[in-house]
Each structure stands twice: as C-alpha cells, then as structure tokens.
Amino acid sequence: MSSNLCSMMMREKGKLVIWPANLDKSRSRKGGRIISRKSSLEAPLLRELTAAAEKLNLNPEVEADKKYPRTWWESSGRILVDNNEAKTMVARKIAKAIKEARGG
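This is a predicted model, so every value here is computed, not measured.

Thresholds, definitions, all that
- Residue positions are given per chain, counted from 1 along the sequence in the order it is written.
- Local features in this predicted model are restricted to residues whose pLDDT is 70 or higher, and side-chain atom pairs enter the listing and the counts only when it is 80 or higher, whereas totals over whole chains, interfaces and linings include all residues.
- Derived side-chain values reflect all non-hydrogen atoms in the structure, with water molecules and hydrogen atoms excluded from consideration.
- Throughout, exposure labels follow a simple rule: accessible area from a 1.4 Å probe, protein chains only, divided by the maximum for the residue type, with under 20% read as buried, over 50% as exposed, and the rest as partly exposed.
- Where helices and strands are cited, they refer to DSSP runs of H or I of at least four residues and of E of at least two residues respectively, numbered from the N terminus.
- Here, two residues are considered to be in contact whenever any of their heavy atoms come within 4.5 Å of each other.
- Each pair of aromatic rings taken from Phe, Tyr and Trp, with Trp reduced to its six-membered ring, is defined by centres within 6.5 Å and is described as stacked if the planes are under 30 degrees apart, edge-to-face if over 60, and tilted in the remaining cases.
- Two strands qualify as a pair provided that DSSP identifies no fewer than 2 bridges between them.

A. Structural detail: helix α2 (residues 46-55). Residues Leu-46, Glu-48, Leu-49, Thr-50, Ala-52 and Ala-53 constitute the buried set of α2. Against β1 (15-18), β2 (61-63), β3 (78-82) and α3 (87-102) lie the buried residues of α2.

Have a look at this one:
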C-alpha cells in the first residue's frame with residue numbers, strides 16, 4: 001500500500017523514479033530490473049544515471065541518500081526524472097546513453 005502512495009506522489013510531481021537496480025544486468029526482474037538483460041548494464045552507478053539523464057534533458061534530481069526498498073541495507077541512491085513517457089522507455093534510453101559514455 002505505501003509503495004502505491006509513494007508512486008502516486010511521484011506522479012503528481014511529474015517525475016519518474018529511476019534506481020540503479022532498474023538497469024542492473026545482474027538483477028532479476030523480481031530483484032528490480034525493469035529492462036531486458038540485453039539493454040541493461042553491469043553495475044550502473046548513480047553518477048552515470050545522472051549524467052545520462054542530463055544528456056537526455058530529463059532534468060534529473062539526485063537523491064543520493066535513498067535506499068532501494070528490496071536492498072534496504074545498500075545505499076544506492078536514485079534519480080527523479082521528467083515523466084515524458086513510459087518508465088521502461090526512459091530506463092532504456094538512460095542505459096543506452098550510459099553504454100555510449102562507457103565506450104560500448
């Protein structure tokens with residue numbers, strides 16, 4: 001129930017929440033990955049997500065102190081980006097931009 005409340009609050013702000021776990025190739029779908037393994041990345045970092053979102057003009061807001069609920073013991077941080085399209089589409093674009101920045 002509380003996660004629905006949280007996502008409703010984010011929707012009102014016009015922002016999507018993107019966690020590094022959403023793009024992490026080593027995670028399962030149940031573990032938080034929201035894009036295909038082919039599109040996903042090895043160990044994405046918060047600063048990479050931020051840089052990619054800035055490059056894509058998504059106006060990222062960094063919340064470095066946040067912990068992904070499924071791995072509450074890790075302080076991974078998250079970014080809030082403009083909600084222009086579906087979350088999976090935004091996640092794929094961010095992952096692609098990170099791959100390009102990494103030189104791959």
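Alright, that's what it looks like, and here's the rest.
B. The packing of aromatic side chains, seen in detail. One pass over the structure, following the stated rule, counts two aromatic pairs. Ring centres of Trp-19 and Tyr-68 lie 5.2 Å apart, and the angle between their planes is 65°; this geometry places the pair in the edge-to-face category. A residue pair is termed long-range when its members are at least 10 positions apart, and Trp-19 in the loop between β1 and α2 and Tyr-68 in the loop between β2 and β3 qualify at 49 residues. Take Trp-19 and Tyr-68: they sit in the same class, and that class is buried. With a centroid separation of 5.4 Å and 90° between ring planes, the pair formed by Trp-72 and Trp-73 is classed as edge-to-face.

C. Local environment of the environment of Leu-80. When you line up the elements, Leu-80 lands in strand β3. The class for Leu-80 is buried, based on a relative accessible area of 0%. Sequence separation between Leu-80 and Asn-59 is 21 residues; the distance between their C-alpha atoms is 8.1 Å.

D. How the structure looks around the pairing of β1. Every second residue of β1 is oriented toward a common face, with Lys-15 and Val-17 on one face and Leu-16 and Ile-18 on the other, all of them buried. The pairing of β1 with β3 spans four bridges and is antiparallel. Its bridge partner lying in β3, Ile-18 is registered against Ile-79.

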